[in-house]
Amino acid sequence: MTTTEQDVAAPGGSTGPETTANLWLHFSRMGGYRDAPPPVIVRGEGAWIFDDRGRRYLDGLAGLFVVQAGHGRRVLAEAAARQAETLAFFPLWSYAHPAAIELSHRLAAAAPGDLNRVFFTTGGGEAVETAWKAAKQYFKLIGKPGKTKVVSRAVAYHGTTQGALSITGLPALKEAFEPLVPGTFRVPNTNIYRAPLFGDDPEAFGRWAADQIEQQILFEGPDTVAAVFLEPVQNAGGCFPPPPGYFARVREICDRHDVLLVSDEVICAFGRLGTTFACEKFGYVPDMITCAKGMTSGYSPIGAMIASDRVMEPFLRGDTSFPHGYTFGGHPVSSAVALANLDLFEEEGLNAHVLETEGAFRQTLERLLDLPIVGDVRGDGFFYGIELVKDKATKETFDAEESERLLRGFLSGALFDAGLYCRADDRGDPVIQLAPPLICGQAEFDLMEQVLRGVLTEAWSRL
Ligand SMILES: Cc1ncc(COP(=O)(O)O)c(C=O)c1O
């Protein structure tokens, strides 16, 4: 496929640099847009997005791991309009509204174990922030005020607010904002492709990686550690699934030291791995779940921290309150859209579809392993990372200059020009990340593979 073959009527958007002169893009080198504007996306339909020149692109990243049900779903837009007409806004500050009440029931019913209490936010970083604050106050309320610290993993991304950023394991994202919130510590992640030990024995590697968490808790002193924040499949670094036995062992470690296990499912929940909550897929029950992105398929922003009965219990005592909240947390329109989105998941069997086709998705992407530049293909569900290497045999990676030239200078633009929106990421080793809408099937998998094959072959020849 070429984008020119897929051109549709241009909707008449302007492409002059003046169009973005007042816009400050996120995580972007704004100097680069002085003379050339960024792509302007004007419309979406199913798994496709369209720019202001009328070109269409396969949305290989569901926006940003968000648009689970695909673009242009009228039923979600209508749910938003209905709610806006009925009650556009009311806060959850000592009042409730029907959409948030119903959504809290739905999420609690879908969550494992006794995770029954839902605190709504407007996005993922706020959910992470909320979980850390709830953990700190929980331990103060139960007479363990020294338990405040957090353990998280190297290269993991947990958001940009100062607490969530402090939990994030990416020094380059933190440097400009130091000093951040003190009391967070990193342990190794589950990148078995680059395992320092037990790289050929996933179970032993999983035991080792989980034990690093216990070591860190012991180094800091269990009486000072409140929580461990882990993604079911770690995004940054390129989709690290948990090795077998990893989460069972982490659960035991957390129980042994009375440390809360927070499953950060901002990406992994809502079908990304084929289950509503990803901890279900890997068979563990956390003390809190943080989630956001896919809850509305992106049709309106919302996030949540879901807490167990045990975490909630001291907050129900006497005149205790959790002095924390967001004006727009649990917004009525977003809550109504989330309910419609969950209905749509059920009607269309989106989780089942992911479970049925995840093997085919993996197999299709694994075809790329015949290319000299593709070192590893890893992930789960509809959530994959393709690690690029300079030398497959030694797993040698690219130096900073090559990474810059390859990822920023060539790959992202070339993939987009070839009709695939996805992401080339070097927050760890260089990877291409894919997380398409959950409505995709073999035709879209094949297209992704074809575009990647062409562009990666060209990238190799340029090295
Ligand atoms: C695991 C994880 N946690 C938290 C966040 C922050 O979410 P948000 O950008 O909605 O604040 C993200 C965002 O990508 C994420 O992937």
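Just so we're clear, the structure is a prediction, and the values are computed from it rather than from any experiment.

Here is what the cut-offs are and how they apply
- Residues numbered from 1 in each chain as written.
- Predicted model: local features only at pLDDT ≥ 70, side-chain atom pairs only at ≥ 80, totals over all residues.
- Heavy atoms only, no water.
- Helix = DSSP H or I, 4+ residues; strand = E, 2+ residues; numbered from the N terminus.
- Rg over C-alpha atoms; globule rule 2.2 N^0.38 Å.
- Contact = heavy atoms within 4.5 Å.
- Areas by Shrake-Rupley, 256 points an atom, 1.4 Å probe, with all protein chains shown as cover.
- Polar contact = N/O pair within 3.5 Å; in protein donor to acceptor, adjacent residues only side chain to side chain.
- Near = heavy atom within 4 Å.
- Nonpolar A, V, L, I, M, F, W, Y, C, P; charged D, E, K, R; others polar.
- Buried < 20%, exposed > 50% of the residue type's maximum accessible area, 1.4 Å probe, protein only.
- Core = buried A, V, L, I, M, F, W, Y, C linked by side-chain atoms within 4.5 Å.
- Expected span 1.5 Å × (residues − 1).
- 1 Å grid on protein atoms, 1.4 Å probe; cavity = no way out; pocket = protein on both sides within 12 Å on 5 of 7 lines; lining within 4 Å.
- Points joined across faces, edges and corners; volume = space filled by probe spheres on them.
- Pairing = 2+ DSSP bridges.
- Axes fitted to C-alpha atoms, helices over the stretch in contact; angles between N-to-C directions.
- Phe/Tyr/Trp six-rings, centres within 6.5 Å; stacked < 30°, edge-to-face > 60°.
- Lys NZ or Arg CZ within 6 Å of the ring centre and 35° of its normal.

Caption draft 1: Up close: the overall build of the chain. When helices and strands are counted, the chain shows 14 helices and 15 strands. Relative to a compact globule of 463 residues, whose C-alpha radius of gyration would be 23 Å, the chain shows 22 Å and is just as compact. Judged by the C-alpha coordinates and their principal axes, the chain covers about 65 × 60 × 45 Å. The long-range share in the chain, meaning contacts at least 24 apart out of those at least 6 apart in sequence, stands at 71%. Total accessible area on the chain stands at roughly 19,300 Å², and carbon and sulfur atoms take up 54% of it.

Caption draft 2: Here's a closer look at the side chain of Thr168. With respect to the helices, strands and loops of the structure, Thr168 is situated in the loop between α5 (162-167) and α6 (171-174). Engagement of the side chain of Thr168 in a polar contact is seen with the backbone oxygen of Gly159, the distance being 3.3 Å. With near-sequence residues (within four places) excluded, Thr168 lies in contact with Ala156, Tyr157, His158, Gly159, Lys174 and Arg186.

Caption draft 3: Expanded view of the site of the ligand. As a matter of local geometry, the ligand sits amid Gly123, Gly124, Gly125, Tyr157, His158, Gly159, Glu231, Asp264, Val266, Ile267 and Lys293. Gly125 places a polar main-chain atom, nitrogen or oxygen, 2.7 Å from an oxygen atom of the ligand. For the shell around the ligand, the residue count by class is 3 nonpolar, 5 polar and 3 charged.

Caption draft 4: Structural context of unusual backbone geometry. The amide bond that connects Glu178 to the next residue, Pro179, takes the cis arrangement and shows omega of 0°. Mapped onto the fold, Pro179 is located in the loop between α6 and β6 (184-187). One non-glycine residue, Phe65, adopts positive backbone phi at about 65°. With respect to the secondary-structure elements, Phe65 resides in helix α1 (residues 62-65). By relative accessible area, which is 2% here, Phe65 ends up buried.

Caption draft 5: Summary view of the nonpolar core. One finds Leu107, Phe277, Ile386, Leu388, Leu411 and Leu452 to be the most contacted residues of the largest nonpolar core, which totals 88 residues. Ignoring anything within four residues of it in the chain, the contact list for Phe277 reads Leu107, Ala110, Ala111, Glu265, Ala269, Phe270, Ile289, Cys291 and Ile306. Grouped together as the second largest cluster of nonpolar side chains are 22 residues, Ala131, Tyr138, Val150 and Ala164 included.

Caption draft 6: Up close: helix α14 (residues 442-462). Along its 21 residues, α14 runs 30 Å from first to last C-alpha, staying within 8% of the 30 Å computed at 1.5 Å per residue. For α14, every residue scored as buried is listed here: Phe445, Leu447, Met448, Glu449, Val451, Leu452, Val455, Leu456 and Ala459.

Caption draft 7: Focus on the layout of surface pockets. Here the second largest pocket defines a volume of roughly 910 Å³. Looking at the second largest pocket, it is lined by 30 residues, and the ones nearest its centre are Leu92, Arg117, Val118, Phe119 and Met312. Only α3 (98-110), β4 (115-121), β10 (303-308) and α10 (309-312) provide two or more residues apiece to the lining of the second largest pocket. Taken together, the residues of the lining of the second largest pocket sort by class into 20 nonpolar, 9 polar and 1 charged.

Caption draft 8: Looking closely at the sheet that holds strand β11 (residues 374-380). Strand order in the open sheet formed by 4 strands is β11-β12-β15-β14, and the pairing between neighbours is antiparallel. Every interior strand has two partners, whereas the edge strands, β11 and β14 (423-425), have only one. Ignoring strand direction, the axes of neighbouring strands in this sheet form an average angle of 25°. Here strand β12 (residues 383-388) pairs with strand β15 (residues 431-434) via 4 bridges, running antiparallel. Pairing of Tyr384 across the sheet is with Leu434, part of β15. Most of the contacts of α14 go to β15, to which it runs at about 165°, and overall it touches β11, β12 and β15.

Caption draft 9: How the structure looks around the packing of aromatic side chains. The full count for this structure, using the stated rule, is 16 aromatic pairs. Arranged with centres 6.3 Å apart and planes meeting at 65°, the rings of Phe27 and Tyr157 form a pair that is edge-to-face. In this pair, Phe27 is assigned in the segment before β1 (41-45) and Tyr157 in the loop between β5 (149-153) and α5, connecting sequence segments 130 residues apart. A relative accessible area of 62% places Phe27 in the exposed class. Ring pairing ties together the aromatic residues Phe361, Phe382, Tyr384 and Phe445, which thus form one cluster. Here the guanidinium or amino end of Arg43 rests over the ring plane of Phe50, the centre of that ring lying 4.0 Å away.

Caption draft 10: View of the pairing of strand β3 (residues 56-59). In this structure, strand β2 (residues 48-51) lies alongside β3, joined through 3 bridges in antiparallel fashion. Paired with Phe50 across the bridge in β3 is Arg56. Taken together, β2 and the strand that follows it, β3, pair antiparallel across an intervening segment of 4 residues, in which Gly54 is found at a positive phi of about 85°.

Caption draft 11: Quick peek at the sheet that holds β3. Across the sheet, which stays open at both edges, the 4 strands sit in the order β1-β2-β3-β13 with mixed pairing between neighbours. For this open sheet the edge positions go to β1 and β13 (420-421), each flanked by a neighbour on one side alone. Relative to β13, β3 runs parallel, the two being bridged by 2 bridges. Its bridge partner being in β13, Asp59 is matched across the sheet by Tyr421.

Caption draft 12: View of the environment of Arg462. Here Arg462 lies in helix α14. Here the alpha-carbon distance between Arg462 and Phe410, two residues 52 residues apart in the chain, equals 9.4 Å. Apart from residues lying up to four places away in sequence, Arg462 is in contact with Arg405 and Phe410. Of note is the side chain of Arg462, whose polar atom sits 2.8 Å from the side chain of Glu458.

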